[in-house]
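Examining the three-dimensional arrangement
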Amino acid sequence: MDPSDNNNPQSLPYITSNNPLQFTIHLPNSIPNPNPNSISDQLLSLSIPSKRRRGRPRNTTSSLNQVYGNFPNSSSSLISYNSDIVRNLTARTSTVTDASDEIIVINKEATTEALIALTAGFPADSLTDEEIEAGVVTVVGGIEQVNYILIRNHIITKWRENVSTWITKEMFVDVIPKHCSALLDSAYNYVVSRGYINFGVAPAVRERIPAEPSKPSVIVIGAGLAGLAAARQLMLFGFKVTVLEGRKRAGGRVYTKKMDGGNKVAAADLGGSVLTGTLGNPLGLLARQLSYTLHKVRDKCPLYRVDGKPVDQDLDHKVEVAYNLLLEKASKLRQLMGEVSQDVSLGAALETFRQDYDDSVNEEEMGLFNWHLANLEYANAGLISKLSLAFWDQDDPFDMGGDHCFLPGGNGKLVQALAENVPILYEKIVHTIRYGTDGVQVVAGGQAFEGDMALCTVPLGVLKGGSIKFIPELPQRKLDGIKRLGFGLLNKVAMLFPYVFWGTDLDTFGHLTDNSSSRGEFFLFYSYATVAGGPLLLALVAGEAAHKFETMPPTDAVAKVLQILKGIYEPQGIEVPEPIQTVCTRWGSDPFSLGSYSNVAVGASGDDYDILAESVGDGRLFFAGEATNRRYPATMHGAFLSGLREAANIAHHAKVKTTSSKVEKKPSKNAHSYACVLDDLFREPDLEFGSFSIIFAKKSSDPESPAILKVTFSGPQTRNHDGIRPDRHLSNKLLFQQLQSHFNNQHELHVYTLLTKQQALDLREVRGGDEMRLNFLSEKLGVKLVGRKGLGPNIDSIIASIKAERGKRKPGSRSLTLKSGVMKSKATTLKRKIVRKAKVVSGGNRTTSSPAAISKNKAVGSSSTAIPLTNVELEPKPVCTIGSVASPSLNIGVNDNMGSKSVGSSSEYLLPNASIGDQFEGNIGSSTAPILNAKGQTGSNSKAPPRSTYDDSTYTCAPPSSGNSAN
């Protein structure tokens, strides 16, 4: 069997041994002073970066060579895993008496299985950091680790043999020794939970999705590859999932458009198009599950000069060698510069070296050099003048091995399969994401969706644009990472012709320009004639030209492309017909992407990808997408893998929270006594300002130490006998009588929350009175004010520690509180009056006559909680006052069952920033009453970002000769 036969779905990874850029891996019987974590660093051999060749896939080098050296392609010369790798691993365990007796032998294919594991991202002889963190073995570096790796590799290989099956742990019981059953459990659970096996769209996987979800709800923002991968995996894990997508379609930046006309039909990939590497590529595995055959992008890529004549092959080779030499010099330069290289662009370094060749380079050679630079800018979706010299190619060692491929019929076929039976709500343009200890709320237009957790998969360009408001604001660390990373642009012109005039013996060809500033304008053409179903040709626009292309009239763009094609083919006696249909992309102007894909800009590093991937809000808000994948950024498979990663992280956090909640549900036997102690402690608060009192858990300088905040609301002395204003609509009377029956009879209302010491000090510094302080708590910190019981039993230990600390004080001492910088006694606290007002809106002739009318309802097709019947809006209107200071009011918009907006009458309300079911205790009496939810900012006043005047980032236009303008 020819190992290079790409049509064989079961073909194993192979690497040829006759490429001068590849090196041989040597595994000696013993390694002096071995690294306790990995021996791979002694085998590393980095070749010329592969990213530069994305547009011209010749001389590609497998990532297996780049990271682990060259593996022979002859089965007779395969390295014996048990005799060499295992011997090297066991050399570290000097305390083992007879190591060979403890190393398991599963089969004779250990080396082959190690290669399969390499394609999945696992090192040959060590654990990943994620495995170590997950605690897959009790001792890192021992015989137990060797056996775990052998079992893990065997499980992965078993699934790769047939990715359409569901692998169970029982399949390995007969081949794994009983004394390693714990390792089998560990390895199986790890690879399943992390999405290394048993994922995708095969029937065997789909039928495992539970009919009724049993785990928490997750809102996924974005139905691109990352969102779809995460949604399917979470559904498989048993979570309630709702996907919110702003577009009318799924796929995000992967968009296959059907083009037709003149009895010709073709599928054009206007976004992500090339599967960059097939060894272990999860999208390649999805294609296998769907029985799709991939088309290898052939290496032949002729270049044509400005005048349309072919470039001499010898000259082409000469310039390419010189170009690669400059890149190698730039690589050595950054090593010499050290950290200083982080502030230097790749373009600046290349320009410095290029100037040495100015006198000996002619115009054609310079045009060829600029073509290679355009190809480099295409690979990175960024100008070389903005790429980091230090880290522009930081992901190259992890490049997927194997061929670059097209999927016949377009990548939209994968999107369609992934989106099947996933609850996706289209045209939901998210503009606000609230997250906190009690869950998340995602606001899209006039509708709010609530869940336990949320996954944000929007492109980096959208995060940079700031169209989504996060409450509280994202940590500064993440904001800085978003700012540092680059987000570049690539555009395309797709043309459907009456017939193929360019030949079917190639998949790519290039065209040179005579101006360096326009070097990326239609520099590369993709022939889709063999995979699109019709005579389709795509012209690519990269670099600075891609940005200028955004404002170029589509008819002008098509005219330029046709001029180039005619210049190439008409001298050969080949007529270039007018296209039947053309499409021009505008990804930079698309509000749902604002660009194409990420890159490492000057000042950024690979660390920023990891920072973007970090969750916030104590495991409430997660992030996925190609710009969160350090190993595989700017790729479709990188986006998909990030979705699987975050599904695993969400499942892990949910498990931790479930375990914690079981402990918290146990009632404290001393709950009442601790409540009394809390009241006593607040008689002498550490800080007091306005209606706010704070006590600190311990006398330390640690800004993260806990603090308890109490907000006091003083009740009115007189009121209308009905408890409502006389001019209120009668239908709201009963509702607000019940809500106010308790609080209007109390002298004071106390609500609490937990803060850090630093947050408490920041709150004290807020100017503008209690209104601004309440706004700061809600908008900036995202905390919720609750009653004493709402703090939960965990507060008891904090109360106890404060009591112990206070007990150390000298008898008779009296604490003074700080109020606006002035020491003042607690006895001088002023009585305050609260005016409670809110607006209840009824739909049409519908009226609300009882508290039951205001309730949470499930959105159609949604597994998380939407609020079409109780749209709560927190606005900074001066209606709710404390003393003489106004604070935000709470509007409750009641819609009909279809979610239509309506208007109605107003009634009184009590307090913003509380939740249904929270029990509030007054300082007199013991009766309690529920408070309505006020976390969201929804309703008819919510504004969505403007839609573009075109559809899905594209303009379409008729042939230039028709005289029709673009749509």
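Computed from a prediction, not measured in an experiment: that's the story for all the values here.

Rules behind the numbers
Residues numbered from 1 in each chain as written. Predicted model: local features only at pLDDT ≥ 70, side-chain atom pairs only at ≥ 80, totals over all residues. Heavy atoms only, no water. Helix = DSSP H or I, 4+ residues; strand = E, 2+ residues; numbered from the N terminus. Buried < 20%, exposed > 50% of the residue type's maximum accessible area, 1.4 Å probe, protein only. Contact = heavy atoms within 4.5 Å. Areas by Shrake-Rupley, 256 points an atom, 1.4 Å probe, with all protein chains shown as cover. Pairing = 2+ DSSP bridges. Axes fitted to C-alpha atoms, helices over the stretch in contact; angles between N-to-C directions. Parallel < 35°, antiparallel > 145°, perpendicular 65-115°, else oblique. Left-handed = near helix turned anticlockwise from the far one by under 90°. Nonpolar A, V, L, I, M, F, W, Y, C, P; charged D, E, K, R; others polar. Right-handed = clockwise from strand over helix to strand, strands pointing away. Polar contact = N/O pair within 3.5 Å; in protein donor to acceptor, adjacent residues only side chain to side chain. Phe/Tyr/Trp six-rings, centres within 6.5 Å; stacked < 30°, edge-to-face > 60°. Arc of directions from axis to C-beta. pLDDT = per-residue confidence, 0-100. Core = buried A, V, L, I, M, F, W, Y, C linked by side-chain atoms within 4.5 Å. Salt bridge = Lys/Arg side-chain N within 4 Å of Asp/Glu carboxyl O. Expected span 1.5 Å × (residues − 1).

1. Remarks on the overall build of the chain
Each helix and strand in the chain was counted, giving 25 helices and 37 strands. Taking all 967 residues of the chain together, the buried fraction comes to 57%. Considering only contacts within the chain whose residues lie at least 6 apart along the sequence, 76% involve residues at least 24 apart. Accessible area for the chain stands at about 40500 Å²; split by element, carbon and sulfur atoms hold 51% of it.

2. A look at the sheet that holds strand 6 (residues 295-296)
In spatial order, the strands read 5-8-6; together these three strands make up an open sheet with antiparallel pairing. Each edge of the open sheet is held by one strand with a lone partner, namely strand 5 (275-276) and strand 6.

3. Details of the packing of helix 11 (residues 313-337) against helix 12 (residues 346-354)
Viewed as axis vectors pointing N to C, helix 11 and helix 12 meet at an angle of 120°, and their least axial separation amounts to 9 Å. One finds that helix 11 runs oblique with respect to helix 12. Here helix 11 runs over helix 12; the crossing is right-handed. Residues Leu 326, Leu 327, Lys 329, Ala 330 and Leu 333 of helix 11 touch helix 12, and the partners they reach there are Leu 346, Ala 349, Leu 350, Phe 353 and Arg 354. Residues of the contact of helix 11 with helix 12, tallied by class, amount to eight nonpolar, no polar and two charged.

4. Some details on the sheet that holds strand 2 (residues 239-244)
In space, the five strands of this open sheet follow the order 9-2-1-13-22, with parallel pairing throughout. If you trace the sheet from one side to the other, it starts and ends with strand 9 (424-425) and strand 22 (621-623), each paired once. Against the sheet, helix 9 (residues 225-237) engages strand 1 (215-221), strand 2, strand 9 and strand 13 (453-456), with an angle of about 160° to strand 2.

5. Notes on the pairing of strand 18 (residues 521-527)
Most of strand 18 is tucked away: seven of the seven residues are buried. Note that strand 17 (residues 508-511) and strand 18 share three bridges and pair antiparallel. Paired with Phe 509 across the two strands is Phe 525, which belongs to strand 18. As paired elements, strand 18 and strand 19 (residues 536-541) share five bridges and run antiparallel to each other. Across the sheet, residue Ser 527 finds its bridge partner in strand 19, namely Leu 537.

6. A closer look at the packing of helix 6 (residues 143-161) against helix 10 (residues 282-289)
At a minimum axis distance of 11 Å, the contact between helix 6 and helix 10 shows a crossing angle of 45°. If you check the angle between helix 6 and helix 10, you find them oblique. Contact with helix 6, carried on its side by Trp 159, Arg 160 and Glu 161, involves Leu 285, Arg 288 and Gln 289 of helix 10 and no other residues of that element. When grouped by side-chain class, the residues that make up the contact of helix 6 with helix 10 number two nonpolar, one polar and three charged.

7. Some words on the pairing of strand 1
Within strand 1, five of the seven residues are buried, which leaves the element mostly enclosed by the surrounding structure. In the sheet, strand 1 pairs with strand 2 via six bridges, with the strands oriented parallel. Pairing of Ser 217 across the sheet is with Lys 240, part of strand 2. Handedness of the β-α-β unit built from strand 1, helix 9 and strand 2 comes out right-handed.

8. What about the side chain of Asp 770?
Here Asp 770 lies in helix 24 (residues 770-781). Residue Asp 770 is classed as buried on the basis of its relative accessible area of 6%. Here Arg 773 takes part through its side chain, which lies 3.0 Å from a polar atom of the side chain of Asp 770.

9. Examining the packing of aromatic side chains
With the rule as written, the count across this model stands at 21 aromatic pairs. A centroid spacing of 5.9 Å and a plane angle of 65° characterise the contact between Phe 497 and Trp 502, whose relative ring orientation is edge-to-face. Among the residues examined, Trp 502 registers a relative accessible area of 4% and is labelled buried. For the ring pair Phe 509 and Tyr 569, a centre distance of 6.2 Å and an interplane angle of 85° mean the geometry is edge-to-face. One end of the pair, Phe 509, is in strand 17; the other, Tyr 569, is in helix 18 (residues 554-569), with 60 residues separating them in the sequence. Neither Phe 509 nor Tyr 569 differs from the other in exposure class; each is buried. A connected cluster of aromatic rings, assembled from ring pairs, spans Tyr 304, Phe 497, Phe 501, Trp 502, Phe 509, Phe 525 and Tyr 569.

10. Focus on helix 12
Looking at helix 12, one finds that the buried residues are Leu 346, Gly 347, Ala 349, Leu 350, Phe 353 and Arg 354. Buried residues along helix 12 cover an arc of 160° about the axis, so they all sit on one side. In this structure, the buried side of helix 12 is in contact with helix 11 and helix 13 (363-380).

11. Here's the deal with unusual backbone geometry
For the peptide bond that leads from Ile 471 to Pro 472, omega is 0°, which places it in the cis range. A positive phi is found at Leu 594, a non-glycine position, where the angle reads about 55°. Mapped onto the secondary structure, Leu 594 falls in the loop between strand 20 (581-585) and strand 21 (598-599). Residue Leu 594 is classed as partly exposed on the basis of its relative accessible area, which comes to 34%. Positive phi is not limited to glycine here, since Ala 634 has a value of about 60°. Looking at the element boundaries, Ala 634 is found in the loop between strand 22 and helix 20 (636-664). By relative accessible area, Ala 634 is classed as buried at 11%.

12. Overview of the confidence of the model for the chain
When the pLDDT values of the chain are averaged, the result is 76; 68% of them are 70 or greater. Contacts for the low-pLDDT stretch residues 717-733, under 50 throughout, to residues beyond four places or in other chains number 27 contacts. This stretch, residues 955-967, has a pLDDT under 50; its non-local contacts, to residues over four places away or in other chains, come to 29 contacts.

13. Overview of the nonpolar core
Grouped together as the largest cluster of nonpolar side chains are 83 residues, with contacts concentrated most on Tyr 148, Ile 151, Ile 155, Ile 197 and Phe 239. Residues in contact with Phe 239, not counting those within four places in the same chain, are Pro 213, Lys 215, Pro 216, Val 218, Leu 234, Met 453, Ile 650, Ala 651 and Ala 654. Core analysis: the next-biggest nonpolar cluster, separate from the first, contains 80 residues, Val 274, Ala 546, Met 552 and Val 558 among them.

14. Here we look at the pattern of salt bridges
Tallying each qualifying case throughout the model produces 30 salt bridges. Of the charged contacts in the structure, one is a salt bridge between Arg 247 and Asp 590, with a shortest N-O distance of 2.7 Å. One end of the pair, Arg 247, is in the loop between strand 2 and strand 3 (256-261); the other, Asp 590, is in the loop between strand 20 and strand 21, with 343 residues separating them in the sequence. Salt bridges sharing partners connect three or more residues here, namely Arg 305, Asp 307 and Glu 364.

15. Re the environment of Ile 149
Looking at the secondary structure, you find Ile 149 in helix 6. On the accessibility criterion, Ile 149 (0% relative accessible area) is buried. Taking the C-alpha atoms as reference, Ile 149 lies 8.2 Å from Ala 187; in sequence the two are 38 residues apart.

16. Concerning helix 7 (residues 181-193)
A rise of 1.5 Å per residue sets the reference length of helix 7, with its 13 residues, at 18 Å; its end C-alpha atoms lie 18 Å apart and thus fit the reference within 8%. Residues Leu 183, Leu 184, Ser 186, Ala 187, Tyr 188, Tyr 190, Val 191 and Val 192 constitute the buried set of helix 7. Of the surrounding elements, those touching the buried residues of helix 7 are helix 5 (129-134), helix 6 and helix 9. Within two residues after helix 7, Gly 195 carries a phi angle of roughly 80°, on the positive side.

17. Quick notes on the environment of Ile 708
With respect to the helices and strands, Ile 708 occurs in strand 25 (residues 706-714). According to the relative accessible area criterion, Ile 708 is buried, its value standing at 0%. Distance in space between the C-alpha atoms of Ile 708 and Leu 754 is 4.9 Å, their sequence separation being 46 residues.

18. Some words on the side chain of Asn 370
Relative to the helices and strands, Asn 370 is located in helix 13. Apart from the residues within four sequence positions on either side, Asn 370 is in contact with Ser 516 and Arg 519.

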